[in-house]
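Each chain is listed here by its residues.
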Amino acid sequence: MTESMVARRTVAVVEDNADNRLLVGTILEGTYNVVPYRSGHDALLGCHEVRPDLILLDISLPGMDGTQVLRALRADAALAGVPVVALTADAMPGARDMYLAMGFDDYIAKPILHAQDLRDAVERRLR
């Protein structure tokens, strides 16, 4: 079976910063279908059209922040089971535990310094 015959998993990237969207997309392209969104509102609408297997969700977003988007995802029967990874510049001690306690499935600190760390986190959640 060729690669084109195998359906790739879909990762939604919800990030308002174009450079960060590009970086994450570049790291994951070729392995996953990457669907970018610039806002939480766009992601909530778009994820109904193309249901992702995983969502990488920035915390600092205009309009709805990442924690509000997470609550809306968890309250939506169609999207509640999709793993959501916090993608945030908040790298203070205890941040990981705080985001996990909020209901995120994993946590990735920005800036992303090692592409493999992002790939590993995505793979871990998609197993």
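Rules behind the numbers
Residues numbered from 1 in each chain as written. Predicted model: local features only at pLDDT ≥ 70, side-chain atom pairs only at ≥ 80, totals over all residues. Heavy atoms only, no water. Buried < 20%, exposed > 50% of the residue type's maximum accessible area, 1.4 Å probe, protein only. Helix = DSSP H or I, 4+ residues; strand = E, 2+ residues; numbered from the N terminus. Arc of directions from axis to C-beta. Contact = heavy atoms within 4.5 Å. Core = buried A, V, L, I, M, F, W, Y, C linked by side-chain atoms within 4.5 Å. Phe/Tyr/Trp six-rings, centres within 6.5 Å; stacked < 30°, edge-to-face > 60°. Axes fitted to C-alpha atoms, helices over the stretch in contact; angles between N-to-C directions. Parallel < 35°, antiparallel > 145°, perpendicular 65-115°, else oblique. Nonpolar A, V, L, I, M, F, W, Y, C, P; charged D, E, K, R; others polar. Pairing = 2+ DSSP bridges.

Engineer: Pulling in residues and values, what's your account of helix α3 (residues 66-75)?
Structural biologist: If you check which residues of α3 are buried, you get G66, T67, V69, L70 and L73. The arc that holds the buried residues of α3, viewed along the axis, is 155°, so those residues lie on one side. Along α3, the residues that are exposed and aim more than 90 degrees away from the buried face are R71 and A75. Packing partners of the buried residues in α3 comprise α2 (40-49), β3 (54-58), β4 (84-88) and α4 (95-102).

Engineer: An account of the nonpolar core is needed here, citing residue identities and associated values.
Structural biologist: If you look at the biggest cluster of nonpolar residues, it comprises 22 residues, and the most contacted ones within it are I55, L57 and F104. Of all elements in the fold, only β1 (10-14), β2 (33-37), α2, β3, α3, β4 and α4 reach the threshold of two or more residues within this core. Non-local contacts of I55, meaning those with residues more than four positions away in its chain, are made with A12, V14, C47, L73, V82, P83, V84 and V85. Core analysis: the next-biggest nonpolar cluster, separate from the first, contains 16 residues, V24, L54, L87 and I112 among them.

Engineer: Outline the packing of aromatic side chains, supporting the account with residue identities and numerical values.
Structural biologist: Overall, the coordinates contain two aromatic pairs when judged by the stated rule. Judged by centre distance (5.8 Å) and plane angle (80°), the ring pair of Y99 and F104 falls under edge-to-face. Judged by relative accessible area, Y99 falls into the buried class, the value being 4%. F104 sits in the buried class, given a relative accessible area of 3%. One aromatic cluster is present, built from ring pairs that chain together Y99, F104 and Y107.

Engineer: An account of the packing of helix α1 (residues 18-28) against helix α5 (residues 115-126) is requested, with residue identities and associated values reported.
Structural biologist: The geometry of α1 relative to α5 is characterised by a closest axis approach of 10 Å and an angle of 70° between their N-to-C directions. For the element pair α1 / α5, the angle class is roughly perpendicular. Across the interface between the two elements, V24, I27 and L28 of α1 pack against A115, L118, R119 and V122 of α5. Grouping the amino acids of the contact of α1 with α5 by side-chain chemistry returns six nonpolar, no polar and one charged.

Engineer: Could you give me a rundown of the sheet that holds strand β5 (residues 106-109), with the residues and numbers involved?
Structural biologist: Read from one edge of the open sheet, five strands run β2-β1-β3-β4-β5, paired in parallel fashion. The open sheet terminates on both sides in strands that have one partner only, identified here as β2 and β5. Going from strand to strand, the sheet's axes swing by 20° on average, the running direction of each strand aside. Bridge count between β4 and β5: four bridges; the pairing is parallel. Each residue of the ladder has a partner; that of L87, found in β5, is I108. Contacting β1, β2 and β3, α2 runs over the sheet at an angle of about 135° to β2. Its contacts with the sheet place α3 against β3 and β4, and it is angled at close to 150° to β3.

Engineer: Describe in detail unusual backbone geometry, supporting the description with residues and values.
Structural biologist: Note that the residue after K110, namely P111, is joined by a cis bond; omega there is 0°. Relative to the assigned elements, P111 resides in the loop between β5 and α5.

Function cannot be read off these values alone, since they describe shape.
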